[in-house]
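Now for the letters of each chain:
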Amino acid sequence: MSREQRLADAKDEHGQRQRSTLRQEIPLLLGMTLVWGALWQDFALGNLVFGLLISLLLVRVFRLPPVILSGRFNIWRAVVFVGAFLRDVTLASFEVMYLAVFRGPRTTSAVITVTLRTESDLLVTFVGHVLTLVPGSYVVEVDRRSSTLYLHVLNVNDQAGVEKARASVLLIEERLIRMMGTTEELAALKAEKKAPSKEHGATS
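Since the structure is predicted, the reported quantities are computational estimates derived from the model, not experimental observations.

The rules behind each value
- Residues numbered from 1 in each chain as written.
- Predicted model: local features only at pLDDT ≥ 70, side-chain atom pairs only at ≥ 80, totals over all residues.
- Heavy atoms only, no water.
- Helix = DSSP H or I, 4+ residues; strand = E, 2+ residues; numbered from the N terminus.
- Expected span 1.5 Å × (residues − 1).
- Polar contact = N/O pair within 3.5 Å; in protein donor to acceptor, adjacent residues only side chain to side chain.
- Contact = heavy atoms within 4.5 Å.
- pLDDT = per-residue confidence, 0-100.
- Buried < 20%, exposed > 50% of the residue type's maximum accessible area, 1.4 Å probe, protein only.
- Core = buried A, V, L, I, M, F, W, Y, C linked by side-chain atoms within 4.5 Å.
- Pairing = 2+ DSSP bridges.

**Student:** Outline helix α6 (residues 159–180), supporting the account with residue identities and numerical values.
**Tutor:** Look at α6: 32 Å from first C-alpha to last across 22 residues, which is about the 32 Å you get at 1.5 Å a residue. Taking the backbone nitrogen of Ala160 as reference, a side-chain oxygen 3.3 Å away marks Asp158 as the first, capping residue of α6.

This is how it looks when you write it as structure tokens:
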């Protein structure tokens, strides 16, 4: 199903946006609560309950764009994603500490643009939050129409560093697509991965 069709399904017969039920919003509420805990770096029960209440207030009071779920979730890919995220946070923390101690003001940075594969607002948001939680990078702006992130990255010295940073962003997106992307996004990703090997086979 295309993104346009999913958006159409989110409206009633009069073309008005349908109000989601509380049950339909449970995955969104849980995700927002976990993001709240990660942003505060506090997963205590009281803080999570407070984050849940704020999330509930946001989705029920403010007229947010419809959050369209893919209908699939791979538990094993979720485990892989969490493990990779924790590894990235740990390595980036040590890198930032090294740069602060030994490089200081001589450390260079850059603002780069990365156009994602997905058109899902949910996945774009997740990618942005993950990048912001990893030390050394944060999202400056998001172009929702083209799924483009404007990202500030630490310790980028040349074009090779820019391409490396872009590749790391696309890898995070890839993990999220494998975890909870649509079947169309997953098929496109698999086709993209097969393309280089076919080209190589044709030229060899």
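**Student:** Can you tell me about the side chain of Arg175, naming the residues and giving the values?
**Tutor:** Within the element layout of this structure, Arg175 appears in helix α6. For Arg175, the residues in contact, after removing those within four places along its chain, are Phe81, Ala84, Arg87 and Asp88.

**Student:** So, the confidence of the model for the protein: which residues are in play, and what are the values?
**Tutor:** Do not read the fine detail of predicted coordinates wherever pLDDT is low. With 80% of its residues at a pLDDT of 70 or more, the protein shows a mean pLDDT of 82. The low-confidence segment residues 198–204 (pLDDT under 50) makes 0 contacts with residues lying over four places distant or belonging to another chain.

**Student:** Can you lay out unusual backbone geometry for me, pointing to particular residues and giving the numbers?
**Tutor:** Not every positive phi belongs to a glycine, and Gln41 is a case in point at roughly 55°. One can find Gln41 in the loop between α2 (26–40) and α3 (45–61). A positive phi angle, near 65°, is found at Asn155, a position not held by glycine. For Asn155, the location among the structural elements is in the loop between β3 (148–154) and α6. Taking the relative accessible area as the measure of exposure, Asn155 reaches 23% and is therefore partly exposed.

**Student:** Please set out the nonpolar core residue by residue, giving values where relevant.
**Tutor:** One broad trend across soluble globular proteins is that nonpolar side chains are buried collectively. With 25 residues, the main nonpolar core has Ile112, Leu131, Val169 and Leu176 as its most contacted residues. Elements represented by at least two residues in this core include exactly α4 (75–103), β1 (109–115), α5 (121–133), β3 and α6. Setting aside residues up to four positions removed in sequence, Val169 forms contacts with Val114, Leu116, Val127, Leu131, Leu149 and Leu151.

**Student:** Describe the pairing of β3, with residues and values.
**Tutor:** With respect to burial, β3 is a largely interior element, 5 of its 7 residues being buried. Pairing between β1 and β3: 7 bridges, direction antiparallel. Bridge assignment links Ser109 to a residue of β3, and that residue is Leu154. Alignment of strand β2 (residues 137–143) against β3, held across 6 bridges, turns out to be antiparallel.

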